[in-house]
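Here are the chains, one letter per residue:
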Amino acid sequence: MSYPAFISAVFILPGPTNTLMGLASARNRFCLVPRLLPAELLGYLTMILPLTWLGGALISRWPETALTLKAAAAIWVMYLATKLWVAENKDITDRSVTAGRIYVTTTLNPKALVFGLVLLPPPTAPDFLPKLAIFVALASIVAVIWGLIGS
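Residues numbered from 1 in each chain as written. Predicted model: local features only at pLDDT ≥ 70, side-chain atom pairs only at ≥ 80, totals over all residues. Heavy atoms only, no water.

### Brief notes about the packing of aromatic side chains
Counting across every chain of the model gives three aromatic pairs. Ring centres of Phe6 and Phe115 lie 5.8 Å apart, and the angle between their planes is 90°; this geometry places the pair in the edge-to-face category. In this pair, Phe6 sits in helix α1 (residues 3-12) while Phe115 sits in helix α6 (residues 110-119), placing the two residues 109 residues apart along the sequence. Given the relative accessible area of 0%, Phe115 is considered buried. The interplanar angle of 85° and the centroid separation of 5.0 Å between the aromatic rings of Tyr44 and Phe135 together place this pair among those described as edge-to-face. Of this pair, Tyr44 sits in helix α3 (residues 32-61) while Phe135 sits in helix α7 (residues 128-150), placing them 91 residues apart in sequence. Assigned by exposure class, Tyr44 and Phe135 land together as buried. Linked through ring pairs, Phe6, Tyr44, Phe115 and Phe135 together constitute an aromatic cluster. Sitting over the ring of Tyr3, Lys131 keeps its end group 5.1 Å from the ring centre. (Phe/Tyr/Trp six-rings, centres within 6.5 Å; stacked < 30°, edge-to-face > 60°. Helix = DSSP H or I, 4+ residues; strand = E, 2+ residues; numbered from the N terminus. Buried < 20%, exposed > 50% of the residue type's maximum accessible area, 1.4 Å probe, protein only. Lys NZ or Arg CZ within 6 Å of the ring centre and 35° of its normal.)

In structure tokens, the structure reads:
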């Protein structure tokens, strides 16, 4: 995949973490977003790095692994959406968007699956580290943009 296509994919693919960053900023001011950013990046790396190293072989050997990952991601996103939609005023506190929630949501984010299994090259490829660095930088920029939108 070319660098322009890769960069476009990072910006274009939506994800629930972006919504949480915007919500955190809307509820607590923008200053919370930089404190949540490490949890987002750690969440992405927790899923992306093992998937790039082992994902293809694991899924080809045990196809049900892909289904399990997709189901876990779908259940978490549905739970999160339901919780946010039915939140009462008393539930909207500074603790409603936490680093833990950001981490779990990002780890189970379907976008992490796409990047780990499809868009990033294998770790042995010469462009793996540059593309991983670009992903981390652009994911940070996107989180800040969503935080600004939320504020």
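### A word on the nonpolar core
Counting 32 residues, the largest nonpolar core has Ile48, Phe115 and Phe135 as its most contacted members. For this core, the element with the highest residue contribution is α3, accounting for ten residues. Look past the residues within four positions of Phe135 in its chain and what remains in contact with it is Phe6, Val10, Tyr44, Ile48 and Phe115. (Core = buried A, V, L, I, M, F, W, Y, C linked by side-chain atoms within 4.5 Å. Contact = heavy atoms within 4.5 Å.)

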